[in-house]
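So you can see what is in the structure, the chains are spelled out below.
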Amino acid sequence: MVTTYPFGMSTPATGAATLAPRRSSRFVAWVRAWRAGLVPYDEVADAIAGDEEHLVADAPGTWTDVPLGAALPTLAKLSPDEIRLVLPAPGDPRGLPGPGDFAGAALVAGEAVVAGGLGLIPEVRSHTSGSGDCFETVLWRVYPLPANAPAASLSLPGAAEAEAELAAALAETTAALTRLDVAQWRPELAGALAALRRPDGATDLPPGFDPRARRLFARAAVLDRVLALAGHAAPGGAINNYEAQQRDAALRPLTAACRQALVAACNAPLRP
């Protein structure tokens, strides 16, 4: 039995996955560093996958799902600047290469990779074994992009601008959530928010990214997981519909700033 969900969608089997760093951000950071000659090819697939199994579907020249490492040579001729992270949302399609199957799927998933003439989107697949054990695999589905498709006309912020916007949004949202007493119905947020002051190794970027990009990515990656937790329904129906609407309104500006911070950090210029 296999069930497929866009990454970030809450399900009983994949609830823990929503608190992991976005897979597309790690994909872009490590593949860009590889294409810049800053990390060896042999390290890239393991760095992206961690302790998960990652497969690729519909890669050029393949007829079945293949391991991530076997599909990476498809990107071997690309420069780092041709590989970028896209985190679109309804009403904010920045970075998408025009309408089409890839753009529609990216909007549903909330994350994607643009790599030259290809687009890749991760899907989390939950499996149940005959003994009842649950496990997951990540399937990167490859989409051919329309020839000469223009990128979205809206400009993307650089790391400095994104860092300032994130700091301002974080202060505003923290005050709003305090007024809403969000900790009363999501007590685990206290520990998650504390993690913003002590990012762990899972939020590291590979060699080549400057200190500002590293700092921005570390904060935004942890904050992205906090937002995933804060945005989910509280256990036991601890809030009503009105309170949920207030929560969503408070989180919306920070969610947008966090998405753009991750994009700016992962797409930042690389240095030898």
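Only a predicted model underlies this, so the values are computations on that prediction, with no experimental measurement involved.

*Asks:* In this structure, what is going on with the nonpolar core? I would like to understand it.
*Replies:* Within soluble globular proteins, side chains that are nonpolar generally end up buried alongside one another. One finds Phe27, Val31, Leu72, Leu75, Trp140 and Leu166 to be the most contacted residues of the largest nonpolar core, which totals 56 residues. With 10 residues, the single largest contributor to this core is helix α9 (residues 241–266). Taken domain by domain, this core gets at least three of its residues from each of domain 1 (23–144) and domain 2 (159–267). Not counting residues up to four positions away in its chain, the partners in contact with Leu72 are Phe27, Val31, Trp34, Tyr41, Val44 and Ala45. Residues Phe102, Ala105, Ala106 and Ile121 belong to the second largest nonpolar core, which totals 12 residues.

*Asks:* What am I meant to see in the confidence of the model for the chain here?
*Replies:* Segments scoring low in pLDDT should not have their predicted coordinates read at a detailed level. Of the residues in the chain, 76% reach a pLDDT of 70 or more, and the chain-wide mean stands at 81. A low-confidence stretch, residues 1–19 stays under pLDDT 50, and its non-local contacts, those more than four residues away or across chains, total 46 contacts.

*Asks:* Looking at this structure, I do not really get the pairing of strand β2 (residues 53–57). What am I missing?
*Replies:* The two faces of the sheet receive side chains in turn, since in a regular strand these alternate between them. Two strands pair when backbone bridges link them, and β2 and strand β7 (residues 134–144) are joined in this way by five bridges, in the parallel orientation. Bridging from a neighbouring strand, Glu53 pairs with Thr137 of β7. As judged from the two bridges shared by β2 and strand β3 (residues 66–67), these two strands associate in the antiparallel manner. Paired with Val56 across the bridge in β3 is Val66.

*Asks:* For this particular structure, what's the right way to read the environment of Ala167?
*Replies:* You can see Ala167 is positioned in helix α5 (residues 159–180). It is 10.0 Å that separates the C-alpha atoms of Ala167 and Leu216, two residues lying 49 residues apart in sequence.

*Asks:* Explanation requested: the environment of Asp210 in the structure shown.
*Replies:* For Asp210, the position within the fold is in the loop between α7 (189–194) and α8 (211–231). C-alpha of Asp210 to C-alpha of Arg271: the two residues are 61 residues apart in sequence and 7.1 Å apart in space. Polar contacts involving the side chain of Asp210 include one to the main-chain amide nitrogen of Arg212, which spans 3.2 Å. Side-chain polar atoms of Asp210 contact the backbone nitrogen of Ala213, separated by 2.8 Å.

*Asks:* Explain unusual backbone geometry to me, please; I cannot follow it from the model alone.
*Replies:* Outside of glycine, negative phi angles account for most residues, and trans bonds account for most peptide bonds. Positioned with a positive phi, Asp58 is a non-glycine residue whose angle comes to about 70°. Among the structural elements, Asp58 can be located in the loop between β2 and β3. Judged by relative accessible area, which is 48%, Asp58 ranks as partly exposed.

*Asks:* How should I be thinking about helix α4 (residues 101–109) in this particular structure?
*Replies:* Regarding α4, the residues found buried are Phe102, Ala103, Ala105, Ala106 and Ala109. With its buried residues spanning 165° around the axis, α4 presents them on a single face. Facing away from the buried side of α4 by more than 90 degrees, the exposed set consists of Asp101 and Val108. Residue Gly110 follows α4 closely and has a positive phi angle near 80°.

*Asks:* Mind showing me how you'd approach the pattern of salt bridges here?
*Replies:* It is possible for side chains of opposite charge to pair when their charged atoms get near one another. For the coordinates displayed, the defined rule picks out 10 salt bridges. For Arg215, the salt bridge is made with Glu163, and the minimal N-O distance between the two is 2.7 Å. Within this pair, whereas Arg215 is found in helix α8, its partner Glu163 is found in helix α5, the two being separated by 52 residues in sequence. Exposure remark for Arg215: the relative accessible area of 46% places this residue in the partly exposed category. Through salt bridges that share partners, Asp58, Glu123 and Arg141 make up one connected network.

Conventions adopted
Residues numbered from 1 in each chain as written. Predicted model: local features only at pLDDT ≥ 70, side-chain atom pairs only at ≥ 80, totals over all residues. Heavy atoms only, no water. Core = buried A, V, L, I, M, F, W, Y, C linked by side-chain atoms within 4.5 Å. Buried < 20%, exposed > 50% of the residue type's maximum accessible area, 1.4 Å probe, protein only. Helix = DSSP H or I, 4+ residues; strand = E, 2+ residues; numbered from the N terminus. Domains from an automatic or database assignment. Contact = heavy atoms within 4.5 Å. pLDDT = per-residue confidence, 0-100. Pairing = 2+ DSSP bridges. Polar contact = N/O pair within 3.5 Å; in protein donor to acceptor, adjacent residues only side chain to side chain. Arc of directions from axis to C-beta. Salt bridge = Lys/Arg side-chain N within 4 Å of Asp/Glu carboxyl O.

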